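Residue-level listing of the chains:
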Amino acid sequence: RMSRHAQQLRDHDINPCVEETDASRKCMDDNNYNKNMCTDYFLKYKSCRKFWHNVMMQRRRNGIKPEMPSAEERKKMLESMG
């Protein structure tokens, strides 16, 4: 059974970077935990976190709830950006 924190990390409505997390983990597994082989995955994860953190901070400043858009809302936001 997963801890509550682990479940939240798997929840697409809470964590916008589940796919990037999984890709990084898979890369590490596939490359015998050689971090140098997975730099691109780490950068994608870091960019994802930074982007959604900025969105969250902006929403917080504007008093928008929830601060993290739902998975469906995020998808629409990304599509509107192209």
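As annotated in an unreviewed UniProt entry, the protein carries the name Coiled-coil-helix-coiled-coil-helix domain-containing protein 7 and comes from Oreotrochilus melanogaster. Here the protein is described in UniProt, under the heading Sequence similarities (unreviewed entry), as follows: "Belongs to the CHCHD7 family." Listed under Subcellular location (unreviewed entry) in UniProt, the entry text for the protein is "Mitochondrion intermembrane space".

The geometry of helix α2 (residues 18-30) relative to helix α3 (residues 39-61) is characterised by a closest axis approach of 9 Å and an angle of 160° between their N-to-C directions. It follows from the interaxial angle that α2 and α3 lie roughly antiparallel. α3 is crossed by α2, and the crossing has left-handed handedness. Contact residues: α2 offers E20, T21, A23, S24, C27 and M28, while α3 offers Y41, F42, K44, Y45 and C48.

Turning our attention to the packing of α3 against helix α4 (residues 71-81). Where α3 meets α4, the closest approach of the two axes is 13 Å, and the angle between their N-to-C directions is 105°. Classed by the angle they form, the pair α3 and α4 counts as roughly perpendicular. Facing α3, whose interface residues are F51, W52, V55 and R59, α4 presents E73, R74, M77, L78 and M81. The residue makeup of the contact of α3 with α4, split by class, is six nonpolar, no polar and three charged.

We now examine the packing of aromatic side chains. Counted according to the given criterion, the structure contains one aromatic pair. Between F51 and W52, the ring centres sit 4.8 Å apart and the planes meet at 85°, which makes this aromatic pair edge-to-face. F51 sits in the partly exposed class, given a relative accessible area of 31%. Geometry around Y41 places K44 over its ring, the cationic atom sitting 5.7 Å from the centre. The ring of W52 has R74 lying over it, and the distance from NZ or CZ to the ring centre is 5.7 Å.

Let's shift gears to the nonpolar core. Grouped together as the largest cluster of nonpolar side chains are five residues: C17, C48, W52, V55 and M68. With near-sequence residues (within four places) excluded, W52 lies in contact with P16, C17, M68, P69, R74, M77 and L78.

Thresholds, definitions, all that
- Residues numbered from 1 in each chain as written.
- Predicted model: local features only at pLDDT ≥ 70, side-chain atom pairs only at ≥ 80, totals over all residues.
- Heavy atoms only, no water.
- UniProt positions renumbered as here; feature names shortened; annotations may be inferred.
- Axes fitted to C-alpha atoms, helices over the stretch in contact; angles between N-to-C directions.
- Helix = DSSP H or I, 4+ residues; strand = E, 2+ residues; numbered from the N terminus.
- Parallel < 35°, antiparallel > 145°, perpendicular 65-115°, else oblique.
- Left-handed = near helix turned anticlockwise from the far one by under 90°.
- Contact = heavy atoms within 4.5 Å.
- Nonpolar A, V, L, I, M, F, W, Y, C, P; charged D, E, K, R; others polar.
- Phe/Tyr/Trp six-rings, centres within 6.5 Å; stacked < 30°, edge-to-face > 60°.
- Buried < 20%, exposed > 50% of the residue type's maximum accessible area, 1.4 Å probe, protein only.
- Lys NZ or Arg CZ within 6 Å of the ring centre and 35° of its normal.
- Core = buried A, V, L, I, M, F, W, Y, C linked by side-chain atoms within 4.5 Å.

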